[in-house]
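Each chain, written out:
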Amino acid sequence: MEVTTKSMPYEDWKDNEYIESLVSELKASGTNVIVGSLDKLINWGRSNSLWPLTFATSCCGIEFIALGAARYDMARFGWEVARSSPRQADFMMVAGTIVHRMAPAVRRLYDQLAEPKYVIACGGCAVSGGPFKNSYHVLKGVGEILPVDVYCPGCPPRPEAMIYAIMQLSRKVKIEKFFGGVNRKESRKEFLKNHPVSETTN
Amino acid sequence: MANIQETIAGQFPEVEFAQGETLELNVPDAKWHDLAASLKEAFGFDNLRALIGMDWGEQLGIVCYLVNSKTYEMIRVKVLADNREEPFLHSVTDLFAVAGIYEREVFDFYGIKFIGNPDMRHLFLRNDWVGYPFRKDYDTNPELNPVRLNHEETQDTTVEYVEGPDGKIHTVEHAIFAPDDFVVNIGPQHPATHGVLRLRTAVEGETIKKIDLYLGYIHRGIEKLCEGLTYPQTIHFTDRLDYLGALMNSHCLCMCIEKAMQLEVPRRAQVIRCIMDELMRLNSHLLAMGTFCMDLGATTMLFYALRERETILDILEKTTGARMTFNYNCIGGVRQDIAEDFVSDVKKLLEIMPKAIKEYNKVFTGNIIAKNRMEGVGVLSPEAAVDYNVTGPAARSAGWNYDVRRAQPYGIYPELQFDVVTRTEGDSMARFKARITEMEQSCRIIAQLIDNIPDGEICAKVPKVIKLPEGHWFQEVETGKGAFGCYIESTGTTSPWRMKFNSPCFCLAGVVDHLTRGQKIADLITIGGTLDYIVPDIDR
Amino acid sequence: MQDLSFVTRWIDNLFRVVLGCPEWLTVTLECVLLGVVLLLVYAVLALFYIWFERKVCAAFQCRLGPNRVGPFGVLQPFADMFKMLIKELISLNHTDKFLFALAPFLVIVASMLAFAVLPWGNGLQAIDFNIGIFFLLAVSSIGVLGILLAGWSSNNKFTLIGALRSGAQMVSYEISISLSVITMVVLCGSMSVRDIVMAQDHCWFIFSGHIPAIIAFLVYIIAGTAETNRGPFDLPEAESELTAGYHTEYSGMHFGFFYLAEYLNLFIVGGVAALLFFGGWMPFHIPGWDAFNQVMNYIPSVIWFLAKAILITFIMIWFKWTFPRLRIDQLLSFEWKYLMPISLVNLVLMTLVVVFGLTF
């Protein structure tokens, strides 16, 4: 199965092996016809309607604005409905450095997102800490506190790179299962179990 | 200056003098407050430009730069704390309003407690942070300060250290809000805050009573990181402070290092830097205007502003290879020569801009709703601008005619013709209009230079290993937001002992509470938008 | 001017005569059928508006707008709806769960009820009350209850401020809306929707009522924009101030209801404006030009109505993407100090015009 999106040839994607491994994982569990086609319909809806959360901490956020503007126009793909309330967004683009003080807030935002929810680590800082890796106050990548679906490197990534990242996410959403065993839900649960939010204050 | 020295020496025999870039005063803590008061009253040094915490290894202390708001003279004062365990200094909050948050910053990073500052809470770091990260003996063990996912406790009281008549220091607690205040928490993730800033806002109906400011949600410790890097390695960080003033910030740092090295920058590089600065200012003002209009609900204006911004970014990208973090200035000049069609592209831009500005005015500025939203909202008086150390378009629109390009001229600005855009209203409309007029002035500057880029080297000859002599330097430039300062203290090695970026946005954030009192919640958006602070620049 | 009531008569006939159903069953079946049809129209219109607004806004902002999902992106709202239908419904702690869940239904029911009396076409109207236009005003004001409830029951300060703003705004602007509606009722002399349409046979009210009708139209369109909580009056959900306003805490289809209701209210305001000022489904007639009138009559009445409503809503979308937002005090003083006095004076003016027979 070649998972791709409109006007993007399969060969042009960079990491088809990863998607193919997901596909084979998906196929291994098997599915019946009715559920399978319902899944297809749902995935069509989900993958074509990814609403971002307006969330940005630094420079990457400005590029995210540029992504919405006329030159790059993410509205073409239906991503322009940026919701300010996490309850209504589908994915959060962690655009910018995440520091110690911000970490609980980011995690809370993630917890407030309604299922299904996805995370894109956008920019060097969110991927690994970037140029501030050695700082006493910077997380070495948002992967320390959130289960990340797509990493998008760059400092800041060009809007084209961001488009590519969200397209990758959309492709990943396409091979999910709504009914029955969802492959990525399990790994995410484990991740969240290993990174608990301690219930001490507030 | 000599006059000041004589008078001060008469009044305060303890003060030691030195002459560096400016007159330098060295005062013991006990006399610091009195000295500041007399500098302010008698000599007009009423603007506290920078208050820099320092750790000299043995001793902690602060370095202050004071500016006379009329004559633009600058003076440096150094105050030392007496011990490392329980360092106390006297606060000057009552003389300079901006000292309030400057001193909180120093307390956060160095643990110096200020006697008389009514608010000695953490500003950037979590309440439960262990240690003072900017001290040279800070324990960087990540286990002391792990990534905590629990929310820190929000304090409802502040601590003030008060010196009793017997010289003993005791603490007094102040409540931040009245017990029956309706407190709305705005941020750290909120569309109004232009990034991650947290404002706890006490409201009465829709009217704002008080705002309590929380910073540090993107504090990356850049200044501390710089201490471990060589000078050329530090330059790229300046692009990531105020990313809309990237080129101006790195210009500032490069000039500061060049000043220390006594390096002559080739004329061609100077001109290129100047053009780039002005392009960057256009970029900054365009985005500020666009996002501000979006916050007011006129989303379409944002897209119009971004349309022109993309043109500027194209020009910059052709030469520097990046859209935002350029890393283009280097010590001694610039990194690459300008692109082949740089001149023609810029000329095209100069043709577009006047039309575009006309269009913005037509779409937004003249709109009756926009007028009602902005006129008379968040009025800043020139005295308050000086007091809160507000610089840039915000101060100039309030009537304080301060532009670093004229006050402390640098680069080739003294040769150029341009007006310092000054208005008198001080309200949001004035700030908005001042930005638009400044864009016109930037175009005027670029037009003077674009045909006269001289031939020659783009970078001076610089030794492979850059060592600065022992000493300290302070350099300022005018960015899109205000006066951006860069302070380097060197011990003669390849990396700085202390590098401080004195950001204009920090002071702009400090004045928000003053401007919003008694205004509506919606005005908070107007005021924040017209002040145009960039949060990563506040937090560094 | 073809009468579309033959469709309804044929269906009625089908049940009663061909299938031989008793009276009660016929009525029940017809009600169910009508409900399904209205809901379908409702959903399709809402999806159309979502697409339309996104395209229009993109055009204003020199962009392309959705164009990947389906031709010209027409399937984009369908994808959005599929996603929203299966998105998690978050229930909150420390809230009144019943009221929290009730609020979106109140909002959407209010806008659905209004559909019953809209003049869709010649003979296509769910019900023809003799107080039709009053019914419309009454049901559309239920919506504010839902919004207040949503904001209050979410137990969140932002939603509360949003809801109170919304309450103040909608209650105030309802006065202007009602006054301008009454102005037109004065001109027509009837409150029945069908009568209002038929009275515009020779000339639309906006022309026959001339000055007071135009003033009433302007007041109506401004107040209508405010009533639908759309820019420049979108304070209750002012993103930059209040995150997402009263529906901040709603997710999934609950939010979807608010989202749909917003667009449907837009359509209703447009539809009522079309009814009161532009003749509802009535084609454009010029007295004396019989051939022209005949040609106009060939265009189906449904298309006339939809076209008028969409054109008016296009203007309202235009507002939203042009103007900045008002502040709450300016918004309220605008209503109480300007719009309401103007519409009161206008009502008197209209009465005088009608009494002295100055209409066309």
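This one's a predicted model, so the numbers in the text were calculated from it and none came from an experiment.

Asks: So what's going on with the overall build of chain B? Residues and values would help.
Replies: The helix and strand tally for chain B stands at 18 helices and 17 strands. For 540 residues, the compact-globule formula gives about 24 Å, and the C-alpha radius of gyration of chain B, at 23 Å, lands near that figure. The dimensions of chain B, computed from C-alpha atoms along their principal axes, are 70 × 60 × 50 Å. Put simply, chain B has 540 residues, and 66% of those count as buried. Accessible surface for chain B amounts to roughly 17,600 Å². Of this, 50% is attributable to carbon and sulfur atoms. In chain B, which carries 56 positive and 77 negative side-chain charges, the distance between the mean positions of the two groups comes to 5 Å.

Asks: Outline the pattern of salt bridges, supporting the account with residue identities and numerical values.
Replies: Residues and elements named next belong to chain B. Under the criterion given, the structure shown has 52 salt bridges over all chains. Of the charged contacts in the structure, one is a salt bridge between E308 and R307, with a shortest N-O distance of 3.2 Å. A salt bridge links K481 to D532, with the shortest nitrogen-to-oxygen separation between them at 2.9 Å. With K481 in the loop between strand 15 (470-478) and strand 16 (483-491) and D532 in the loop between helix 17 (521-531) and helix 18 (535-539), the pair connects residues that are 51 residues apart, well separated along the chain. In this structure, K481 and D532 share a single accessibility class: buried. What you see here is one network of salt bridges that share partners, running through E278, R281, R396, D403, R405, E438 and E478.

Asks: For the domain arrangement of chain B, give the residues involved together with the corresponding values.
Replies: All names here are of chain B. Taken domain by domain, chain B holds domain 1 (2-176) and domain 2 (222-539). One C-alpha centre belongs to domain 1, the other to domain 2, and the line joining them spans 28 Å. With 35 residues of domain 1 at the contact, the number on the domain 2 side is 30 residues. Between domain 1 and domain 2, the buried area comes to about 2,900 Å², and carbon and sulfur atoms account for 55% of it. K500 is paired through a salt bridge with E105; the nearest N and O atoms lie 2.8 Å apart. Viewed at the interface, domain 2 and domain 1 are joined by 25 residue pairs in polar contact (both at pLDDT 80 or more). Only strand 3 (47-55), strand 4 (60-67), strand 5 (74-80) and helix 3 (99-110) provide two or more residues apiece to the side of domain 1 that touches domain 2. For the side of domain 1 that touches domain 2, the leading source of residues is strand 3, giving 9 residues. Along the lines of polarity and charge, the residues of the side of domain 1 that touches domain 2 split into 22 nonpolar, 4 polar and 9 charged.

Asks: Give a description of the interface of chain C and chain B that names residues and reports values.
Replies: Between chain C and chain B, the contact holds 26 residues from the first and 30 residues from the second. At the boundary of chain C with chain B, total buried surface from both sides reaches about 2,400 Å², with 62% on carbon and sulfur atoms. Taken together, the connections running from chain C to chain B amount to 1 salt bridge. Its salt-bridge partner being B:D523, residue C:R327 comes within 2.8 Å of it at the nearest N-O pair.

Asks: Any details on the sheet that holds strand 3 (residues 118-122) of chain A? Residues and values, ideally.
Replies: Residues and elements named next belong to chain A. Strand order in this open sheet of 4 strands is 1-2-3-4, and the pairing throughout is parallel. The open sheet has two edge strands with one neighbour each: strand 1 (52-53) and strand 4 (150-152). Sheet topology places strand 1 next to strand 2 (residues 91-95); 2 bridges connect them, and they run parallel. Bridging across to strand 2, L53 finds its partner in M92.

Asks: Give me the sheet that holds strand 10 (residues 182-186) of chain B: which residues, what numbers.
Replies: All names here are of chain B. Strand order in the open sheet made by the 3 strands is 10-11-12, with antiparallel pairing throughout. The strands lining the two open edges of the sheet, one partner per strand, are strand 10 and strand 12 (207-214). The average undirected angle you get between the axes of adjacent strands in this sheet is 25 degrees. Direction of pairing for strand 11 (residues 198-204) relative to strand 12: antiparallel, over a ladder of 7 bridges. Pairing of T201 across the sheet is with I211, part of strand 12.

Asks: How would you sum up the confidence of the model for chain A? Please name residues and give values.
Replies: In this model, chain A carries an average pLDDT of 79, and 89% of its residues clear a pLDDT of 70 or more. When pLDDT is averaged over each helix and strand of chain A, the minimum, 68, is found for helix 7 (residues 183-194) of chain A and the maximum, 88, for strand 3 of chain A.

Asks: Residue-level account of the packing of aromatic side chains, with values.
Replies: A complete count under the given rule lists 50 aromatic pairs over all chains for this structure. Note on B:F109 and B:F124: the rings are 5.2 Å apart at their centroids and 10 degrees apart in plane angle, and the pair reads as stacked. Residue B:F109 is located in helix 3, and its partner B:F124 is located in the loop between strand 7 (113-115) and strand 8 (157-163); the two are separated by 15 residues in the primary sequence. By relative accessible area, which is 0% here, B:F124 ends up buried. Both rings, one in B:F109 and one in B:F134, keep their centres 4.2 Å apart while their planes meet at 10 degrees; by these two values the pair is stacked. One end of the pair, B:F109, is in helix 3; the other, B:F134, is in the loop between strand 7 and strand 8, and 25 residues separate them in sequence. Judged by its relative accessible area of 2%, B:F109 falls in the buried class. Taken together, the ring pairs connect C:Y42, C:F48, C:Y49, C:W51, C:F52, C:F60, C:F115, C:F267, C:F305, C:F314 and C:W318 into an aromatic cluster. Here the basic side chain of C:R63 rests over the ring of B:F303, its NZ or CZ set 5.0 Å away from the ring centre.

Calculation rules
- Residues numbered from 1 in each chain as written.
- Chains lettered and ligands numbered in written order.
- Predicted model: local features only at pLDDT ≥ 70, side-chain atom pairs only at ≥ 80, totals over all residues.
- Heavy atoms only, no water.
- Helix = DSSP H or I, 4+ residues; strand = E, 2+ residues; numbered from the N terminus.
- Rg over C-alpha atoms; globule rule 2.2 N^0.38 Å.
- Buried < 20%, exposed > 50% of the residue type's maximum accessible area, 1.4 Å probe, protein only.
- Areas by Shrake-Rupley, 256 points an atom, 1.4 Å probe, with all protein chains shown as cover.
- Lys, Arg positive; Asp, Glu negative; His and termini not counted.
- Charge placed at Lys NZ, Arg CZ, Asp CG, Glu CD.
- Salt bridge = Lys/Arg side-chain N within 4 Å of Asp/Glu carboxyl O.
- Domains from an automatic or database assignment.
- Contact = heavy atoms within 4.5 Å.
- Buried area = accessible area lost by both parts, 1.4 Å probe.
- Polar contact = N/O pair within 3.5 Å; in protein donor to acceptor, adjacent residues only side chain to side chain.
- Nonpolar A, V, L, I, M, F, W, Y, C, P; charged D, E, K, R; others polar.
- Pairing = 2+ DSSP bridges.
- Axes fitted to C-alpha atoms, helices over the stretch in contact; angles between N-to-C directions.
- pLDDT = per-residue confidence, 0-100.
- Phe/Tyr/Trp six-rings, centres within 6.5 Å; stacked < 30°, edge-to-face > 60°.
- Lys NZ or Arg CZ within 6 Å of the ring centre and 35° of its normal.

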